[in-house]
Amino acid sequence: MADGSPHAAVKTTCPYCGVGCGVTATPGGGRVLGVRGDADHPANLGRLCSKGAALGSTVGLEGRLLQPRIAGRPAPWPVAIRAVAQAFSRTVAEHGPDAVAFYVSGQLLTEDYYVANKLMKGFIGSGNIDTNSRLCMASAVAAHKLAFGADLVPGCYEDLDLADLVVFSGHNAAWTHPVLFRRMEARRERGQRHVVIDPRRTDTAEGCDLHLPLAPQTDVRLWNGLLADLMRRGAVDRGYVAAHVSGFADVEAQLNADDQSVHAVAADCGVAAADLETFFRLFAETPRTVSLFSMGANQSAQGVAKGLAILNAHLATGRIGKPGAAPFSITGQPNAMGGREVGGMANMLAAHMDFDEASRARVQRFWGSPVMAAGPGLKAVDMFEAVRDGRIKAIWIMATNPAVSLPNASRVREALSGCPFVAVSDCMGDTDSVAYAHVALPALGWGEKDGTVTNSERRISRQRPALAAPGEARPDWRIVADVAGAMGFGDAFAWRGPAQVFREWARLTAYENQGRMLSLGPLATITPDAYETLAPVQWPVTAGGGTARLFTDGRFPTPDGRARMIPVAAAGPAQPTDAAYPLSLNTGRVRDHWHTLTRTALAPELGRHAPEPYVEIHPTDAAPQGLTEGRLTRVATAQGQAVVVARVSDRQRPGSIFMPMHWSAAYAPSGQANPLVAQIVDPRSGQPEFKHTPARVAPYRETWRGFFLARTAWSPPKGTEVVWRRIPQTGCQLHEFAGRGDEPEREALRQALTRGAGGDRLRYEDASAGSVREAFLAGDRVDRVFFATAAGALPPRDWLIELFAAPALGAAQRAALLVGREPGTLLETGPVVCSCRNVRADRIAAAIVAGATDLNAVGEATGAGATCGSCRPEIARMLSQIPALEVRDAA
Ligand code: SF4
């Protein structure tokens, strides 16, 4: 067991995205953890992206929940466990099993997920357990089940190497799955072609062979148009369809009911007919095609239809189960797949079994459970609506932050604040959701956990502990098992360690298995030692080992062994734009952050690329509103409004805007995207429509603005209406703010932020510009800095931030404090491109102008792009846009 002292390297798995990169973690004593990519792990072969590379910066104890709390006060574990058990038992006794719910997470390990699912579905007797994976890939799950008979991802990462054409459908791999993207970039240099279907010109689209910037929610029309074109060209694999697919004639008839000419499809999708024709031809001519689809397809009221349209094209051409040919849903979370496997979704029972009588009886026999859930439970959005209207009276949230991440998140906050009992188990103590907990339970974090995760290619990998459990934190599976014990179910939850849980889980996959492809049979007897050393393996696991790709024999787990092609009709957005809300709001991720910032904000280097919430908008939409780059902008929808910084860019499609979803009340109370999103879901998958909400924009028109630097984080004083963003830095916290009030508002904030500051005070005031600058020193060190102005300029923050790391200020630094910049130095003010080396756009542009003509030359000149490589697409874009100086011989 890791004790935090320096010892041998531990092989584990990155906790962020669904690529599931192997990580070698080397404890350096205390909470120090060296991190590098595991060259032996087949998912990444030693590579890590910026997030994975910064894992060592996120394992400190800042913000950790280290003791159970009841009503905000520390409590012993037995008391906290009893409180949760009693609340759930009492609620079930008084109101029935469907009055309670678990909302769990793709951050949980498979063992955690298994135990939570067993307790809810087999012992409490409700289907009310759902996962935040509902927000990322529930539509793909539903499409897989309809087309293949089970939630099965056919392909593997090797297919990405073998493909001659990769189609990215609503998938910004360069930012969301960077290590896979780099793998494909390498193939591209050897002839692989990339087509990107995305309304935004993302970094994935930037250097691709063909970008189709389709209008929002026209994906089904485009993929149906492709299939119709394949039929016209005779590119359908009639032999494969005849042998292995049902439903082709129905799909053909449905397509024939519409005008599927290239021009009609192109007009409806808002793309150039010539480009669409090029895509259709490329697809038809390239047998080795992989179609990746992710959030851009899934997060939609038509998410299932989009998935089915993609699967239809692959089934019709027989491009499935073959090397380099597959439709490939890429998951967002590290263990979204593990949750899908065990039954962490409300509409699946367990181990790919549904709620039919035979499956319920089988699982009940296996578990020896007293009562089984009668049917599916409530999916995420419906679950919190049920909390809000009182049908659910006790909820347990595990390892996720729904107060930030669910659509119309303000309603979720209302629901939680009115719920009679809320338990939250989390490794962090100050998330927006923990704030609503009657009982908060400290869980282990990454680097401490022990169990397994499954990545996007069905590969099970171990997460192993490299650090000792801090404080009183415990594994999630054990917390759930202890509560189950306190509810009277101890015998069925009496595991001694995660290996035992895993064995039981593996046995369930094999139990009375007459055709379920999800099977871990040979691992059902795994010894503790073998579990400890378990190498990454892809399910189905057979006596011969793992399985790279599925359906190689053309057989599918349906009653007749055939895949199903299912007609899907193109439909417009569930909520069209109108005069009041003329723009389509699309939300998503940025390159270097993860989910709701609870962990990536602990690594200041990850905040440099996108330091604060923003809205990206096309110049033609920005200009009529008077919006310019960097200006504070109000984004409003029917659900709410936010104030964020404008980024004006032609990479955005006219009529569409984009906001990242990461920022929470803890970091930017007025910069949150999800409270703006409507609670519209796909009717089959329950996945919310995060990619299209009608919206409008307008300038915020602040009357003053400023920033505050301090060694600790501050929140805006209660009652202030200032726009507030906190940006963690090394050695201090940067708080940016702006307001629409007058001088008293500014002065009230200054007083609140500088109250109690001791030591020397330096002050400068310019009444004509409404400017105030103050700095407070503690001995020779800078302690707080407050700059605000109504009409003047503010200096760049970098130099002042650097001073917080200085052991003592020199006389020159002290004299320049209120100027905000070191005399005689040139400041770089452009955005950070390379987070690893902190290289700004200015320096990269200078290198290009000076003659760096490719990525390697830029790397040699500046260091940018030479570490994890996540910024290489952005540097490539700069290379294509900035002409090098023509150097002429003066003679
Ligand atoms: S691509 Fe990055 S975030 Fe995803 S698993 Fe690999 S290192 Fe982690």
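A quick note: this is a predicted structure, and the numbers were derived from the prediction, not measured. (Residues numbered from 1 in each chain as written. Predicted model: local features only at pLDDT ≥ 70, side-chain atom pairs only at ≥ 80, totals over all residues. Heavy atoms only, no water.)

## Some thoughts on the nonpolar core
Here is step 1: Membership of the largest hydrophobic core comes to 136 residues, with the highest contact counts inside it found for Phe102, Phe279 and Trp396.
Here is step 2: With nine residues, helix H15 (residues 303–316) is the single largest residue contributor to this core.
Here is step 3: Among residues more than four places away in sequence, those in contact with Trp396 are Val84, Phe88, Ala101, Phe102, Tyr103, Ala423, Val424, Ser425, Leu441, Ile479, Val480 and Val483.
Here is step 4: Listed in part, the 54 residues of the second largest apolar core include Tyr16, Leu597, Ala601 and Ala738. (Core = buried A, V, L, I, M, F, W, Y, C linked by side-chain atoms within 4.5 Å. Buried < 20%, exposed > 50% of the residue type's maximum accessible area, 1.4 Å probe, protein only. Helix = DSSP H or I, 4+ residues; strand = E, 2+ residues; numbered from the N terminus. Contact = heavy atoms within 4.5 Å.)

## Quick notes on the confidence of the model for the chain
Low pLDDT marks regions whose predicted coordinates should not be analysed in detail.
Here is step 1: The pLDDT averaged across the chain works out to 93; a share of 98% of its residues lies at or above 70.
Here is step 2: Confidence over residues 885–891 falls short of pLDDT 50; this stretch has one contact with residues more than four positions distant or in other chains. (pLDDT = per-residue confidence, 0-100.)

## Side note on the site of the ligand
Here is step 1: In the vicinity of the ligand, the residues found are Cys14, Tyr16, Cys17, Val19, Gly20, Cys21, Leu48, Cys49, Lys51, Gly52, Pro178 and Val179.
Here is step 2: Within the residue set of the shell around the ligand, elements represented by two or more residues are helix H1 (50–53) and helix H7 (178–188). (Near = heavy atom within 4 Å.)

## Here's the deal with the pairing of strand E3 (residues 33–37)
Here is step 1: By the bridge criterion, five bridges tie strand E2 (residues 22–27) to E3 in an arrangement that is antiparallel. Bridge pairing in E3 places Pro27 opposite Leu33. (Pairing = 2+ DSSP bridges.)

## Thoughts on the environment of Arg201
Here is step 1: As for its position among the elements, Arg201 is in the loop between strand E9 (193–197) and helix H8 (203–206).
Here is step 2: In contact with Arg201, other than residues within four places in its own chain, are Glu206, His211, Asp650, Arg651 and Gln881.
Here is step 3: Looking at Arg201, its side chain comes within polar contact range of the side chain of Glu206, at 3.4 Å.
Here is step 4: A distance of 3.2 Å separates a polar atom in the side chain of Arg201 from a polar atom in the side chain of Asp650. (Polar contact = N/O pair within 3.5 Å; in protein donor to acceptor, adjacent residues only side chain to side chain.)

## Observations regarding the packing of aromatic side chains
Here is step 1: The final tally for this structure, using the stated rule, is 28 aromatic pairs.
Here is step 2: The interplanar angle of 85° and the centroid separation of 5.4 Å between the aromatic rings of Phe102 and Trp396 together place this pair among those described as edge-to-face. Of this pair, Phe102 sits in strand E6 (residues 100–104) while Trp396 is found in strand E14 (residues 394–398), placing the two residues 294 residues apart along the sequence. With respect to class, Phe102 is no different from Trp396; both count as buried.
Here is step 3: For the pair Phe148 and Phe551, a centre-to-centre distance of 5.0 Å together with 55° between the ring planes defines the contact as tilted. Residue Phe148 is found in helix H4 (residues 138–148), and its partner Phe551 is found in the loop between strand E19 (537–538) and strand E20 (563–564); the two are separated by 403 residues along the sequence. We note that Phe148, like Phe551, is buried. (Phe/Tyr/Trp six-rings, centres within 6.5 Å; stacked < 30°, edge-to-face > 60°.)

## Thoughts on H4
Here is step 1: Of all 11 residues in H4, nine are buried, a share of seventy percent or more.
Here is step 2: Of all the positions in H4, only Ala138, Ser139, Ala140, Val141, Ala142, Ala143, His144, Ala147 and Phe148 are classed as buried.
Here is step 3: Of the surrounding secondary structure, the elements contacted by the buried residues of H4 are strand E12 (289–293), helix H14 (295–298), H15, strand E13 (326–329), helix H16 (336–342) and E20.
Here is step 4: Following H4 by one or two positions, Gly149 adopts a phi angle in the positive range, close to 95°.

## Describing the pattern of salt bridges
Here is step 1: One pass over the full model with this rule turns up 52 salt bridges.
Here is step 2: Among the ionic pairs, Glu414 bridges to Arg388, the shortest N-O distance being 2.6 Å. Here Glu414, found in helix H20 (residues 409–418), pairs with Arg388, found in helix H18 (residues 380–388); they are 26 residues apart in sequence, far enough to count as distant.
Here is step 3: A residue is classified by how much of its surface remains accessible, and Glu414, at 43% relative accessible area, is partly exposed.
Here is step 4: Glu457 is paired through a salt bridge with Arg459; the nearest N and O atoms lie 2.8 Å apart.
Here is step 5: One salt-bridge network, held together by shared partners, links Arg201, Asp203, Glu206, Asp650, Arg651 and Arg877. (Salt bridge = Lys/Arg side-chain N within 4 Å of Asp/Glu carboxyl O.)

## Side note on the packing of helix H29 (residues 855–862) against helix H30 (residues 872–881)
Here is step 1: Remark: H29 packs on H30, axes separated minimally by 10 Å, with the N-to-C direction vectors making an angle of 105°. By the angle class used here, H29 and H30 are roughly perpendicular. For the pair formed by H29 and H30, the contact residues are Leu855, Asn856 and Val858 on the first element and Arg872, Ile875, Ala876 and Leu879 on the second.
Here is step 2: In terms of residue class, the contact of H29 with H30 is made up of five nonpolar, one polar and one charged. (Axes fitted to C-alpha atoms, helices over the stretch in contact; angles between N-to-C directions. Parallel < 35°, antiparallel > 145°, perpendicular 65-115°, else oblique. Nonpolar A, V, L, I, M, F, W, Y, C, P; charged D, E, K, R; others polar.)

## Brief notes about the sheet that holds E6
Here is step 1: Spatially, seven strands are ordered E5-E4-E16-E15-E14-E6-E7 in an open sheet, and the strand pairing comes out mixed. Each end of this open sheet is capped by a strand with a single partner; those strands are strand E5 (73–74) and strand E7 (129–131).
Here is step 2: Bridge count for E14 against strand E15 (residues 421–426) is five bridges, and the pairing is parallel. Directly across from Met398, in E15, lies its bridge partner Ser425.
Here is step 3: This element, helix H3 (residues 110–124), spans E6, E7 and E14 of the sheet and lies at about 165° to E6.
Here is step 4: The sheet contacts of helix H21 (residues 476–489) involve E14, E15 and strand E16 (439–442), and relative to E14 the element is tilted by about 160°.

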